[in-house]
Amino acid sequence: MWLQQRLKGLPGLLSSSWARRLLIALLLFLIFSWYLGAGRSWSFLRGQAGPEGAAGQCLQAEIHRWKSLVDRGEGIYSTPQEQLHAPFVSGNGHILIDMESNKLWVASSSQPGSAPVHQTEYSPRVGVHLEGSRAEAQASILWFRKGAVLSVRCASPAALQSARDCVTIREEFIAHRSRTNVFLQRIHINNPSDRPVSLGVSESPAFGVKFSTSVDKVEDREVVLHSGKVLVDNNRIVLVVVVTKKLNSRIQVSAKSEYTDNILSVVWTSEPIESSKLEETFSTLQDGAKKELVELLRASVDDLVVDHQQAWMDLFISGVEMRKITDSHTPSSRTVNTTLYYILSSSTAPLLDRRLSSEERARLESSLNYADHCFSGHATMHAENLWPEQVSSTTQILQLVTLWTLTLQKRGCKVLVAAGAHGAMQGMVLSFGGLQFTENHLQFQADPDVLHNSYALRGIHYNQDLINLAVLLDTEGKPFLHVSVKQQEKPVKLYACEAGCLNEPVELTSEIKGHTFPVMVTQPITSLLYISTDLRHLQDLRHTLHLKAILAHEEHMANRYPGLPFLFWFSVASLITLFHLFLFKLIYNEYCGPGAKPLFRSKV
């Protein structure tokens, strides 16, 4: 009955012009919303689907192995479904190779803190492609701990339609970490089909007017010499010489077989020079580059790769690990590790130089183990210009390197900048959490108000030990500090105490479970944790801080953000009470006041 009465009144409602307009607008809004939602759904489905054809199915099987690596923040990849507009580079501070643009960048100085800021017209990447008509799918990964760019291409000849018969071309691009003049391109081709395949090999012909190419012979080996120049400030010139072995123009891979090759290139550059010294310098560079290439061709390529990967793994002993992020302005593990990799790729590593004297090595290692007054100032965790979510070009990488170098130098970390890539890693880790070395201790001076995120700082050098410091959250969401120590050859006793150092300092050991400390906040604000080799120093420190109070973290946050004032809640309660009194009065007047309606109707 109720529904029938409402439907009878519908024509009268629609007779109003404003009602008709409202109904039309509502229908248009629903149609538009449905269209947008369907579009997003289709695009989502398309994004999840793999590339069509046998080549796409083959590629999916290849990149599936990368998924866990990327999820841990140890690399970034670009696939046909998830295209990433970020520079895939490999570098060592002397050279930097941008794989997407196929360009070589070189440094004009070998001094720590200088980056490969000069782009050349040389294209270092050798192209390998399956001849004839084919379908092809490609994906690339930038693997931080290997310091390499890996590329996978799956090519399906027109006559083959099965994913099991796809030709797979795997390439690895390495700017060697310790041998700074060396660039290595590794090629592995797998042909599982029943037919032989032919692949073409091509070098980029567009070297520009500033580069020339010639063929030479060194110890019965044919090599290709590429020589050119880069103009720098004050009309000075940086000379660039690249020597690589001569390649065949075609590769034949038999049925159900594999093919492997390693293309070694040696890049030698000069300091900025006057034009009058061109010929003499060119001759010196060419002789040196050819000599180094001959030495490399005699050596084991596998040993070169292992040496390179070990150097990168040693760098990433230190680092930052984001575990739980509860806000939008804290960088992710991917952002942090990508930034670290870009900076390290553009930084020299003098500690890896075999020519370094023992005295100089000891001096650099000493600066790493105790960088006095680094890092001063507030933590950089939320500095979005230092930890950018998106970097889209090599030029932006070099601008980021300049900004980081300047920041570290101005915040008391000049000795770390002078230590090259190893020092840059230490400085960035210290800055992320607000760690600072003083004359007698290492202090953790993070802002107590931003400890709602969980993260870990690993591999912090302190004397001969490596310290891991983590900010963790308990089951109730309260932060606490976890410290563990990885002792080196000569163990040194370390002690730590929380803010205020009121409790007796705790000796840090290499136990796996580590040590935990509560987060205490002092008034006025001081550091949350102190670590030192001097027990007496920490015991005396409590008498020099001159504190008014020491609060638990949750008590500090409650005082800092006490909520809305009492007057607000009193006003809300008063309004609610008045409303109910007014409502009660209306009901009373309706049924109990003068002229009130009877509560029950008479049947008569």
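None of these values were measured; they are calculated from a predicted model.

(A) Focus on the sheet that holds strand β17 (residues 319–324). The five strands lie next to each other as β17-β20-β21-β22-β25, forming an open sheet whose pairing is antiparallel. What marks the edges here is a single partner per strand, and that holds for β17 and β25 (515–518). The sheet shows a mean angle of 20° between the axes of neighbouring strands, direction not considered.

(B) Representation of the packing of helix α8 (residues 333–345) against helix α12 (residues 421–433) within the structure. The geometry of α8 relative to α12 is characterised by a closest axis approach of 10 Å and an angle of 150° between their N-to-C directions. By the criterion of interaxial angle, the relationship of α8 to α12 is roughly antiparallel. Crossing of α8 over α12 shows right-handed handedness. Counting all contacts with α8, which are made through Val 336, Thr 339, Leu 340, Ile 343 and Leu 344, the residues of α12 involved are Ala 421, Ala 424, Met 425, Met 428 and Phe 432. Each residue belonging to the contact of α8 with α12 can be placed in one class, and the counts come to nine nonpolar, one polar and no charged.

(C) Structural detail: the state of the cysteines. Tallying each qualifying case throughout the model produces two disulfides. Linked covalently through their sulfurs, Cys 374 and Cys 413 form a disulfide whose S-S length is 1.9 Å. Measuring the twist about the S-S bond at about 90°, one finds the Cys 374-Cys 413 disulfide to be right-handed. Highlighted residues: Cys 374 in the loop between α9 (358–369) and α10 (394–410) and Cys 413 in the loop between α10 and α11 (414–418), separated in sequence by 39 residues. Residue classification places Cys 374 among the buried positions, given a relative accessible area of 0%.

(D) Local environment of the nonpolar core. Ranked by internal contacts, the top residues of the largest apolar core, which has 92 residues, are Phe 444 and Tyr 455. The element best represented in this core is α12, accounting for seven residues. Other than its neighbours up to four places away in sequence, Tyr 455 contacts Glu 321, Met 322, Arg 323, Met 381, Phe 432, Gly 433, Phe 444, Ala 446, Leu 469, Ala 470 and Val 471. Counting residues in hydrophobic clusters, the runner-up holds 40 residues, among them Cys 166, Val 241, Ala 289 and Val 294.

(E) Representation of the confidence of the model for the protein chain in the model. A residue-level look at the protein chain finds 83% of positions with pLDDT of 70 or above and a mean pLDDT of 84. The least confident element of the protein chain, judged by mean pLDDT, is helix α1 (residues 2–8) at 47; the most confident is strand β2 (residues 89–91) at 96. Predicted confidence for residues 38–51 stays below pLDDT 50, and this span has ten contacts to residues more than four positions away or in other chains.

(F) Quick look at the pattern of salt bridges. Counted by the stated rule, this structure contains 19 salt bridges. The partner of Lys 245 in a salt bridge is Asp 261, and the shortest N-O contact between them spans 3.2 Å. Taken together, the positions of Lys 245 in strand β14 (residues 237–245) and Asp 261 in strand β16 (residues 257–269) put the pair 16 residues apart, joining distant regions of the chain. A salt bridge links Glu 321 to Arg 323; its shortest N-O distance comes to 3.6 Å. Three or more residues joined by partner-sharing salt bridges are found here, namely Arg 125, Glu 136, Arg 153 and Glu 171.

(G) Main features of the environment of Pro 80. Looking at where Pro 80 falls in the secondary structure, it is placed in the loop between β1 (75–78) and β2. Remark: the alpha-carbon pair of Pro 80 and Ser 140, spanning 60 residues in sequence, is separated by 9.9 Å.

(H) Examining the environment of Thr 120 more closely. With respect to the helices and strands, Thr 120 occurs in the loop between β5 (118–119) and β6 (127–130). Thr 120 sits 120 residues away from Val 240 along the chain, and the two C-alpha atoms are 8.3 Å apart. Apart from the residues lying within four places of it in its own chain, the contact partners of Thr 120 are Lys 103, Leu 104, Val 106, Phe 211, Val 230 and Val 240. Within the structure, Thr 120 has its side chain in polar contact with the backbone oxygen of Leu 104 (distance 2.9 Å). A polar side-chain atom of Thr 120 sits 3.3 Å from the main-chain amide nitrogen of Tyr 122.

(I) Up close: the side chain of His 308. Among the structural elements, His 308 can be located in helix α7 (residues 301–315). Given a relative accessible area of 0%, His 308 falls into the buried group. Those residues in contact with His 308 that sit more than four places away from it in its chain are Lys 146, Gly 147, Ile 174, Ala 175, His 176 and Arg 177.

(J) Representation of α9 within the structure. Taking 1.5 Å per residue, twelve residues should reach 16 Å; α9 reaches 16 Å between its end C-alpha atoms and fits that length. Along α9, the residues classified as buried are Leu 364, Ser 367, Leu 368 and Asn 369. Here the buried face of α9 lies against α11, α12, β18 (435–437) and β20 (454–462).

What counts as what
Residues numbered from 1 in each chain as written. Predicted model: local features only at pLDDT ≥ 70, side-chain atom pairs only at ≥ 80, totals over all residues. Heavy atoms only, no water. Pairing = 2+ DSSP bridges. Helix = DSSP H or I, 4+ residues; strand = E, 2+ residues; numbered from the N terminus. Axes fitted to C-alpha atoms, helices over the stretch in contact; angles between N-to-C directions. Parallel < 35°, antiparallel > 145°, perpendicular 65-115°, else oblique. Left-handed = near helix turned anticlockwise from the far one by under 90°. Contact = heavy atoms within 4.5 Å. Nonpolar A, V, L, I, M, F, W, Y, C, P; charged D, E, K, R; others polar. Disulfide = S-S within 2.5 Å. Buried < 20%, exposed > 50% of the residue type's maximum accessible area, 1.4 Å probe, protein only. Core = buried A, V, L, I, M, F, W, Y, C linked by side-chain atoms within 4.5 Å. pLDDT = per-residue confidence, 0-100. Salt bridge = Lys/Arg side-chain N within 4 Å of Asp/Glu carboxyl O. Polar contact = N/O pair within 3.5 Å; in protein donor to acceptor, adjacent residues only side chain to side chain. Expected span 1.5 Å × (residues − 1).

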